[in-house]
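Breakdown of the fold
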Amino acid sequence: MQITDVRVRKVAKEGKMKAIVSITLDDEFVVHDIKVIEGDKGLFIAMPSKKATDGEYRDIAHPINSATRDNIQKIVLEHFEKAMLEAEEDGRLG
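Residues numbered from 1 in each chain as written. Predicted model: local features only at pLDDT ≥ 70, side-chain atom pairs only at ≥ 80, totals over all residues. Heavy atoms only, no water.

1. Considerations on the side chain of Ser-22
- Along the chain, the position of Ser-22 falls in strand E2 (residues 17–25).
- The contacts of Ser-22, once residues within four sequence positions are left out, are Asp-5, Val-6, Arg-7, Arg-9, Val-30, Val-31, His-32 and Asp-33. (Helix = DSSP H or I, 4+ residues; strand = E, 2+ residues; numbered from the N terminus. Contact = heavy atoms within 4.5 Å.)

2. What about the side chain of Thr-24?
- Considering the arrangement of structural elements, one finds Thr-24 in strand E2.
- Setting aside residues up to four positions removed in sequence, Thr-24 forms contacts with Gln-2, Ile-3, Thr-4, Asp-5, Phe-29 and Val-30.

3. Focus on unusual backbone geometry
- Non-glycine residue Asp-26 carries a positive phi angle of around 50 degrees.
- Unusually for a residue other than glycine, Asp-27 sits at a positive phi of about 55 degrees.

4. Focus on the nonpolar core
- Counting 17 residues, the largest nonpolar core has Ile-3, Val-21, Ile-23, Ile-34, Val-36, Ile-45 and Val-76 as its most contacted members.
- Counting residues per element, the ones that place at least two in this core are strand E1 (3–10), E2, strand E3 (29–39) and helix H1 (66–89).
- The element best represented in this core is H1, accounting for six residues.
- Those residues in contact with Ile-45 that sit more than four places away from it in its chain are Ile-34, Lys-35, Arg-69, Ile-72, Gln-73, Val-76 and Leu-77. (Core = buried A, V, L, I, M, F, W, Y, C linked by side-chain atoms within 4.5 Å. Buried < 20%, exposed > 50% of the residue type's maximum accessible area, 1.4 Å probe, protein only.)

5. Some details on the sheet that holds strand E4 (residues 42–46)
- On the basis of which strands lie adjacent, the open sheet formed by four strands has the order E1-E2-E3-E4 and antiparallel pairing. Single-partner strands in this sheet number two, and they are E1 and E4. Taken over all neighbouring pairs, the strand axes of this sheet differ in orientation by 25 degrees on average, direction set aside.
- Relative to E3, E2 runs antiparallel, the two sharing seven bridges. Counted as the bridge partner of Val-21 is Ile-34 from E3.
- The strands touched by H1 within the sheet are E1, E2, E3 and E4, with E4 carrying the most contacts at an inclination of about 120 degrees. (Pairing = 2+ DSSP bridges. Axes fitted to C-alpha atoms, helices over the stretch in contact; angles between N-to-C directions.)

Below, the structure written as structure tokens:
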């Protein structure tokens, strides 16, 4: 499985969520609403989720193993950081 496209949408409001990302897998399958979040130990991703009837959030799409999650996170964060640098260079950020 290869990530063949990454689309980053910066979140305008202040807070821990920094961007919403969509990834395309093998030019055939898209996963929307991956969140880039600033945590105590740095940036990480949160997979798409929805609120269950018990009030807890549950992932609706997620990697089966940690190696795949790590690979997706690495690629998404690289694209996020590149997008933020480009936006800064273009004068679109503060």
